[in-house]
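Structure assessment
Given next are the chains, with one letter for each unit.
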Amino acid sequence: MLKIYHNTRCKKSREGLEILKNSGKEFQIKEYLKEPLSEGELENLIVKLKITPIQLVRKNEKIWKEEYKNRDLSDKEIITAMVKNPKLIERPVVETENNAVIGRPPSDIKKLL
């Protein structure tokens, strides 16, 4: 089953959701700002994305710039920062049982369909 990690206020996330709706496939929506991911869920997602934790961070967010930007953080510390501040997670992310993709651009979601 497909799952989209969605932020209703984000244009790219809404575009990604529309791609899923038009695909005709079943999917779940997880509004990760309302239901934050656990460290384990985030670690699993990063493995599926085949990226490092820092590649999932929205580095232009104010909280990143003020609290984390110039610090030498371990992968674990970066994951903890995203768990504490879900706004830092790049969006949208679409996940299948074995893979995931960041929908930037949203058309990248079609790779999973």
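Use the structure listed above.
One numbering rule holds for all chains: residues counted from 1, following each sequence as written. Since the coordinates come from a predicted model, pLDDT governs what is reported: local features require at least 70, and pairs of side-chain atoms require 80 or more to be given and counted, while whole-chain, interface and lining totals use all residues. Only hydrogens and water are set aside; all other atoms, that is, all heavy atoms of the structure, feed into the side-chain values.

**Here we look at the pattern of salt bridges**
Convention followed: Salt-bridge detection follows one rule: a side-chain nitrogen of Lys or Arg within 4 Å of a carboxyl oxygen of Asp or Glu. Buried residues are those whose accessible area, probed at 1.4 Å on protein chains only, stays under 20% of the maximum for their type, while exposed residues exceed 50% and partly exposed ones sit between those limits.
Inspection of every chain in the model, using the stated rule, returns 10 salt bridges. The salt bridge involving Lys34 is made with Glu31; its shortest N-O contact spans 3.1 Å. Across the pair Glu61 and Arg58 runs a salt bridge whose closest N-O atoms are separated by 3.0 Å. The exposure class of Glu61 is buried, given its relative accessible area of 13%. Through salt bridges with shared partners, a single network forms among Arg58, Glu61, Glu90 and Arg104.

**Topic: the packing of helix α2 (residues 39-49) against helix α4 (residues 75-84)**
Selection rule: Here an axis means a line fitted to C-alpha atoms, over the contact stretch when the element is a helix, while the angle between two N-to-C directions is reported on a 0 to 180 degree scale. In this text, helices come from DSSP runs of H or I with a minimum length of four residues, and strands from runs of E with a minimum of two, each type numbered from the N-terminal end. Handedness of a helix crossing follows the sense of rotation of the near helix relative to the far helix, less than a right angle counterclockwise being left-handed and clockwise being right-handed. We call two residues in contact when some of their heavy atoms are within 4.5 Å. In this classification, Asp, Glu, Lys and Arg are treated as charged, Ala, Val, Leu, Ile, Met, Phe, Trp, Tyr, Cys and Pro as nonpolar, and every other residue, Gly included, as polar.
It is at 10 Å that the axes of α2 and α4 come closest, and there the two elements cross at 115 degrees. For the pair α2 and α4, the crossing hand works out as right-handed. Between α2, through Glu39, Leu42, Glu43 and Ile46, and α4, the contact on the second element is made entirely by Lys76, Ile79, Thr80, Met82 and Val83. When the residues that make up the contact of α2 with α4 are grouped by side-chain class, the tally is five nonpolar, one polar and three charged.

**Details of the pairing of strand β1 (residues 2-5)**
Definition in use: Strand pairing is defined by DSSP finding a minimum of two bridges between the two strands. Look down the strands so they point away from you; if going from the first strand over the helix to the second traces a clockwise path, that crossover is right-handed.
In this structure, β1 lies alongside strand β2 (residues 27-30), joined through four bridges in parallel fashion. Across the sheet, the residue bridging to Ile4 is Ile29, located in β2. Following the chain from β1 across helix α1 (residues 11-23) to the adjacent parallel β2, one finds a crossover that is right-handed. Relative to strand β3 (residues 93-95), β1 runs antiparallel, the two sharing three bridges. When the bridges of β3 are listed, Tyr5 appears paired with Val93.

**Digging into the sheet that holds β3**
What links the strands of a sheet is backbone hydrogen bonding, and the strands pair in either a parallel or an antiparallel sense. Reading across the sheet, the four strands line up as β2-β1-β3-β4 and stay open at both edges, with mixed pairing between neighbours. Either end of the sheet is taken by a strand with one partner, and the two such strands are β2 and β4 (100-102). Averaged over all neighbouring strand pairs, the angle between strand axes comes to 15 degrees, with direction disregarded. Where α1 meets the sheet, it contacts β1, β2 and β3, and its direction lies at approximately 165 degrees from that of β1.

**Considering the packing of aromatic side chains**
Selection rule: The rule is short: rings of Phe, Tyr and Trp, with Trp giving its six-membered ring, pair when the centres are within 6.5 Å, and they are stacked under 30 degrees, edge-to-face over 60, tilted in between.
Taken as a whole and assessed by the stated rule, the structure comprises one aromatic pair. Where Trp64 meets Tyr68, the ring centres are 5.5 Å apart and the plane angle is 25 degrees; that geometry is what we call stacked. The pair formed by Trp64 and Tyr68 is uniform in burial state, with each residue classed as buried.

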